[in-house]
Amino acid sequence: MNISWAINGTEFELQKPNMTENGLGHRVLNMDTMNPNVKRVEYAVRGPIVQRAVQIEKELKEGVEKPFTEVIKANIGDAHAMGQKPITFLRQVVALCAYPDLLEDDKFPEDAKNRARRILQACGGGSIGAYSVSPGIEIVRQDVAKYIEKRDGGIPSNSDSIYLSTGASDAIVTMLKLLTSGEGKNRTGVMISIPQYPLYSAALAELAAVQISYYLDEDKCWSLDIGELRRAVKAAREHCNPRALCIINPGNPTGQVQSRQCIEDVIRFAAEERLFLMADEVYQDNVYAEGCQFHSFKKVLFEMGPEYSSVVELASFHSTSKCFMGECGFRGGYMEVVNMDPEVKLQLTKLVSVRLCPPIPGQALLDIVVNPPQPDEPSYATFIKERTANLDILAEKAKMTEQVLNTVPGIHCNPVQGAMYTFPRLSLPEKAINAAKEKGQAPDMFYCMKLLEETGICLVPGSGFGQRDGTYHFRMTILPATEKLKVVLEKIREFHKRFTEEFS
Ligand SMILES: Cc1ncc(COP(=O)(O)O)c(C=O)c1O
């Protein structure tokens, strides 16, 4: 008999291997003995739709006839994969660090060479091939602290509270690991938004922590309502011990930017309910909408005065993967902890030590992100030009996405205020919902699969991020190049019309 399973409502089937072949009939590690928490992990961003997209790409290469000539992947926040060019200065410094003989080459500007020399001097043996200390290279952590101080209008930051990480994901999982304890009703509960970025639900499943869902308000541009936080925490106290509250701002998948007032309210709520705050701020430069501004949780916390700033525990996260850089593959990131118990901090340092250190090229790249060229340096003008161009294009695409999608009857799209995504709501005909149910699929999975098969556009169904029952969405990145994004939006418009007619 073959093995079949379903993820997010899509069924998969694998031919069951012959267990007696090669004498492997009695594996120690099998589906019955493996970690059950791992089996519960789901990650829609790289889920079944993407697997099918990869298959279709292969079929296209093999000459299989399709109604389209390429697969456009608007499913994942990977800017470079979608054609964004690297920022010259970042790559120059990393190239110099990786191959120091280039320090003699006239093609590289002096400011890039100075940065590279400084980083190399801080590396063991003067090489980025050496391990660093586990929280990350000291001068990089000092530069991160200075960057945070400048960003937050002078509120002090100390390199001792900075932990460099393998992307933000690594630091987020590390913090969740530290926070998870207890059994039964005392098991750690962690509040996460719905819709959410599935790293959070996946990590909580793996750690067997309790997910406490709070819903963002779609009718108010995905804003966060304190009443909803109160409802969620109260209900959760019946069956677990809520210890942490995670906020993503600007938001993924919903693209909202929180107001300062909202952040203050969240901080007050965390103080009242004694919750550890985790602020995922990887999109801090990605704010596009007029009237919206990024406010870091750290800054707002300290501006609220010692009543809060001396008690509320906070970890905030940043990454080289997003913003104007989009350097996902370098796996650079950091976390800053505030008001953490000094003994727990030692445990955190011990925990990160077990995995030695984050990749050094990622640390080097992060150093340049937080310590970019200054106005009196030769690379400044080009750096600013490239940085501004990347952010301006994203802003233009954010607006275009909202405008075009809102012209489609049956699609409602909130303004893409920030980040790199839109999460529009779909009105799906009853017949389509029933057809999906017959196939054992979530209706928006059914929709996205059909969209992929008919147009080659790869999106992620809303069900992979969580949504209110009876509502349907997809997540789409705004990352395809402008001309390609226009095609994507046009194809979605045509597809939605066809789909609605077919199932009406
Ligand atoms: C909200 C959010 N947090 C964290 C991450 C992980 O980023 P990194 O590449 O730094 O691990 C992502 C990636 O898309 C994200 O959207």
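Rules of the game
Here the residue index of a chain counts from 1 through its sequence in written order. Where totals are concerned, whole chains, interfaces and linings use all residues; where local detail is concerned, this predicted model gives features only for residues with pLDDT of at least 70, and gives and counts side-chain atom pairs only at 80 or more. Only hydrogens and water are set aside when side-chain values are computed; all heavy atoms of the structure are taken into account. UniProt positions are given in the numbering used here, feature names are shortened, and annotations may be inferred rather than shown by experiment. For the exposure calls, accessible area comes from a 1.4 Å probe over protein chains only, and a residue counts as buried if that area is under 20% of its type's maximum, exposed if over 50%, partly exposed in between. A helix here means a DSSP run of H or I that spans at least four residues, while a strand means a run of E at least two residues long, and both kinds are numbered starting from the N terminus. Note on pairing: DSSP must find at least two bridges between two strands before they are called paired. What fixes the domain bounds is an automatic or database domain assignment. Whether two residues touch is decided by their heavy atoms; if any such pair falls within 4.5 Å, the residues are in contact. Summed over both partners, buried area is the accessible surface (1.4 Å probe) that two parts give up on being assembled. Just to be clear on terms, a salt bridge is a Lys or Arg side-chain nitrogen sitting within 4 Å of an Asp or Glu carboxyl oxygen. Helix axes are fitted only over the stretch in contact, all axes being lines through C-alpha atoms; the angle between N-to-C directions runs from 0 to 180 degrees. For this description, a residue counts as near a given molecule or strand if any of its non-hydrogen atoms is within 4 Å of it. Residues adjacent in sequence count toward polar contacts only when both atoms are side-chain atoms; beyond that, a polar contact is any pair of N or O atoms within 3.5 Å, and within protein one must be able to donate a hydrogen and the other to accept it. All accessible areas in this document rest on Shrake-Rupley with a 1.4 Å probe, and a residue is counted as covered only by the protein chains that are shown. When describing relative orientation, an angle under 35 degrees is termed roughly parallel and one over 145 degrees roughly antiparallel, while 65 to 115 degrees is termed roughly perpendicular and anything else oblique. Crossing handedness follows the turn of the near helix against the far one: under a right angle anticlockwise gives a left-handed crossing, and clockwise gives a right-handed one. Note on residue classes: Ala, Val, Leu, Ile, Met, Phe, Trp, Tyr, Cys and Pro are nonpolar, Asp, Glu, Lys and Arg are charged, and everything else, Gly too, is polar. The criterion is simple. A nonpolar core is a set of buried Ala, Val, Leu, Ile, Met, Phe, Trp, Tyr and Cys residues joined through side-chain atoms within 4.5 Å. When the centres of two rings from Phe, Tyr and Trp lie within 6.5 Å, Trp using its six-membered ring, the rings pair. Their planes under 30 degrees apart give stacked, over 60 give edge-to-face, and anything left gives tilted.

In the annotation of an unreviewed UniProt entry, the entry for the chain reads alanine transaminase, and the organism field reads Salmo salar. In its Subunit (unreviewed entry) section, the UniProt entry covering the chain states "Homodimer." The UniProt entry for the chain carries the following text under Catalytic activity (unreviewed entry): "L-alanine + 2-oxoglutarate = pyruvate + L-glutamate".

## Here we look at the pairing of strand β16 (residues 472-477)
In terms of burial, β16 is a largely internal element, six of the six residues being buried. Along β16, one buried face is formed by Tyr472, Phe474 and Met476 and the opposite face, lined by His473, Arg475 and Thr477, is buried too. The pairing of strand β13 (residues 425-426) with β16 spans two bridges and is antiparallel. Bridge pairing in β16 links Arg425 to His473.

## Concerning the domain arrangement of the chain
For the chain, the assigned domains are domain 1 (3-39), domain 2 (44-83 + 392-502) and domain 3 (135-356). Taken together, the 28 residues of domain 2 in the interface contact 30 residues of domain 3. Buried area between domain 2 and domain 3, both sides added, is near 2300 Å², and the carbon and sulfur share of it is 54%. At the boundary of domain 2 and domain 3, one finds two salt bridges. Of the charged contacts, one joins Glu218 and Arg425 as a salt bridge, the two residues approaching to 3.2 Å between their closest N and O atoms.

## Details of the sheet that holds strand β9 (residues 314-319)
Ordered in space as β4-β10-β9-β8-β7-β5-β6, the seven strands form an open sheet in which the pairing is mixed. For this open sheet the edge positions go to β4 (162-166) and β6 (210-215), each flanked by a neighbour on one side alone. Ignoring which end each strand starts from, the neighbouring axes of this sheet average 25 degrees apart. Note that strand β7 (residues 241-248) and strand β8 (residues 276-280) share five bridges and pair parallel. From the neighbouring strand, Leu245 faces β8, where its bridge partner is Leu277. On the sheet, helix α5 (residues 138-151) packs against β4, β9 and β10 (332-338) and is oriented at approximately 110 degrees with respect to β4. Relative to the sheet, helix α8 (residues 226-236) contacts β5 (188-194), β6 and β7, its axis offset from that of β6 by approximately 155 degrees.

## Re the site of the ligand
The environment of the ligand is made up of 14 residues, and the closest members are Ala168, Ser169, Asp280, Tyr283 and Ser319. Residue Ser169 places a side-chain N or O atom 2.4 Å away from an oxygen atom belonging to the ligand. Between Lys322 and the ligand, the recorded distance is 2.9 Å, taken from a side-chain N or O atom to an oxygen atom. Alone, the ligand offers 400 Å² of accessible surface; in the complex the protein occludes 95% of this. In terms of residue count, helix α6 (residues 167-179) provides more of the shell around the ligand than any other element does, three residues in total.

## Some points on the packing of α6 against helix α7 (residues 199-207)
Their axes nearest at 10 Å, the elements α6 and α7 cross at an angle of 40 degrees. For the element pair α6 / α7, the angle class is oblique. Considering only the axes of α6 and α7, their crossing is right-handed. Mapping the contact onto sequence places Ser169, Ile172, Val173, Leu176 and Lys177 in α6 and Leu199, Tyr200, Ala203, Leu204 and Leu207 in α7. Its residues assigned to classes, the contact of α6 with α7 shows eight nonpolar, one polar and one charged.

## Thoughts on the nonpolar core
Core analysis: the largest hydrophobic core is formed by 82 residues, its most contacted members being Tyr447 and Ile492. At seven residues, helix α16 (residues 443-455) tops the list of elements feeding residues into this core. Here this core gathers at least three residues from each of two domains, domain 2 (44-83 + 392-502) and domain 3 (135-356). The residues contacting Tyr447, other than those within four sequence positions of it, are Ile411, Leu426, Leu428, Phe474, Ile492, Phe495, His496 and Phe499. Counting residues in each nonpolar core, the second largest holds 40 residues, with Ala112, Ile162, Leu366 and Leu391 among its members.

## Some remarks on the packing of aromatic side chains
This model, assessed by the stated rule, comprises 11 aromatic pairs. Aromatic side chains Phe423 and Phe465 sit 5.7 Å apart centroid to centroid with 80 degrees between the ring planes, which places their arrangement in the edge-to-face category. Taken as a pair, Phe423 in the loop between β12 (421-422) and β13 and Phe465 in the loop between β15 (460-461) and β16 lie far apart in primary sequence, 42 residues in all. On the basis of relative accessibility, which here comes to 2%, the residue Phe423 falls in the buried class. Through pairs of rings, three or more aromatic residues link up here, namely Phe446, Tyr447, Phe474, Phe495, Phe499 and Phe503.

## Thoughts on the environment of Thr388
Topologically, Thr388 is positioned in helix α14 (residues 380-405). Accessibility expressed as a relative area gives 37% for Thr388, which makes it partly exposed. Distance in space between the C-alpha atoms of Thr388 and Phe324 is 7.8 Å, their sequence separation being 64 residues.

## Comments concerning the side chain of Lys113
In this structure, Lys113 sits in helix α4 (residues 110-121). At a separation of 3.2 Å, a polar atom in the side chain of Lys113 contacts the main-chain carbonyl oxygen of Leu103.

## Quick word on the UniProt feature "domain: Aminotransferase class I/classII large" (unreviewed entry) in the chain
Residues given the UniProt feature "domain: Aminotransferase class I/classII large" (unreviewed entry) here are residues 108-492. Its end C-alpha atoms 45 Å apart, residues 108-492 is made of 43% helix and 16% strand.

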